[in-house]
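Examination of the molecular architecture
These are the residues of each chain, in order.
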Amino acid sequence: MSIFSAPVFDATVIYNGQELFKGQGAARGWAEKLAKELETDITVEKIGTGWALRGQVDGVQVTWGIYGQRLARIEAA
């Protein structure tokens, strides 16, 4: 599990055991930060009742949610 070091203090929801962004706007803001950090395109995707970040890292499609107030890779269904 990789974790982005900046703390996430935005509202979250739990969907299928995954902590996700509650709002699309907050997710977009974090997608922009993560895109700059990883130098790749990051999008936001609605998963159930929340929003997650999606992008490719080293040729692998990755989904990020939140874990302990940090961005972390999650398994998205």
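Coordinates for the structure precede this section.
Let me begin by describing the structure that accompanies this report. Residue indices follow the written sequence of each chain, beginning from 1 at its first position. Only residues with pLDDT of at least 70 get local features here, since the model is predicted, and only at 80 or more are side-chain atom pairs given and counted; chain-wide, interface and lining totals rely on the full set of residues. To get the side-chain values, all heavy atoms of the structure are used, and hydrogens and water are removed first.

Okay, the overall build of the chain next. For the chain, the helix and strand inventory stands at 1 helix and 7 strands. When the helices and strands of the chain are read in sequence order from the N terminus, they spell out β-β-β-α-β-β-β-β. The C-alpha radius of gyration of the chain comes to 11 Å, within 12% of the 11 Å expected for a compact globule of 77 residues. Along the longest, intermediate and shortest principal axes, the C-alpha atoms of the chain span 30 × 25 × 20 Å. Within the chain, the fraction of its 77 residues that count as buried is 35%. Contact definition: two residues touch when any of their heavy atoms are within 4.5 Å. Long-range contacts, defined here as pairs at least 24 residues apart, represent 46% of the contacts in the chain between residues at least 6 apart. In this description, accessible areas are obtained by the Shrake-Rupley approach with a 1.4 Å probe, and a residue is regarded as covered only by the protein chains that are shown. Summed over its atoms, the accessible surface of the chain is roughly 4800 Å², and 46% of this surface lies on carbon and sulfur atoms. In this count, Lys and Arg are taken as positive residues and Asp and Glu as negative ones, while His and the chain termini are left out. Where a charge lies is defined by one atom per residue type, namely NZ (Lys), CZ (Arg), CG (Asp) and CD (Glu). In the chain, 8 side chains carry a positive charge and 9 a negative one; their mean positions are 7 Å apart. Counting from the N terminus, the helices are DSSP H or I runs at least four residues long and the strands are E runs at least two residues long. As a reference, a globule follows 2.2 Å times the number of residues to the power 0.38, and the radius of gyration itself is taken over C-alpha atoms. Buried means the residue's accessible area, taken with a 1.4 Å probe over protein chains only, is under 20% of the maximum for its type, while exposed means over 50%, and partly exposed covers the values in between.

This part takes up the packing of aromatic side chains. Each Phe, Tyr or Trp ring (for Trp, its six-membered ring) is paired with any other whose centre lies within 6.5 Å, and the angle between the two planes then decides the class: stacked below 30 degrees, edge-to-face above 60, tilted in between. Summed over the entire model, instances satisfying the criterion amount to 0 aromatic pairs. The rule for a charge over a ring is simple: NZ of Lys or CZ of Arg within 6 Å of the ring centre, and within 35 degrees of the ring normal. The ring centre of W30 lies 4.2 Å from the NZ or CZ of K33, which sits over that ring.

The subject of this paragraph is the environment of D41. In this fold, D41 is placed in the loop between helix 1 (24-38) and strand 4 (42-47). For the pair D41 and G29, spaced 12 residues apart in sequence, the C-alpha to C-alpha distance is 13 Å.

Attention shifts here to the pattern of salt bridges. Whenever Lys or Arg places a side-chain nitrogen within 4 Å of a carboxyl oxygen from Asp or Glu, that contact is recorded as a salt bridge. A complete count under the given rule lists 1 salt bridge for this structure. Of the charged contacts, one joins E45 and R54 as a salt bridge, the two residues approaching to 3.2 Å between their closest N and O atoms.

Moving on: the nonpolar core. Side chains that are nonpolar tend, in soluble globular proteins, to be buried together. What we call a nonpolar core is a set of buried Ala, Val, Leu, Ile, Met, Phe, Trp, Tyr and Cys residues that are connected through their side-chain atoms within 4.5 Å. With 16 residues, the main nonpolar core has F21, I42, L53, W64 and L71 as its most contacted residues. Elements supplying a minimum of two residues to this core: helix 1, strand 4, strand 5 (50-57) and strand 6 (60-67). Those residues within four positions of I42 in sequence are excluded, and the remaining contacts are A31, L34, A35, L53, R54, G55 and W64. Judged by nonpolar contacts, the second largest core, of 5 residues, contains L20, I47, A52 and I74.

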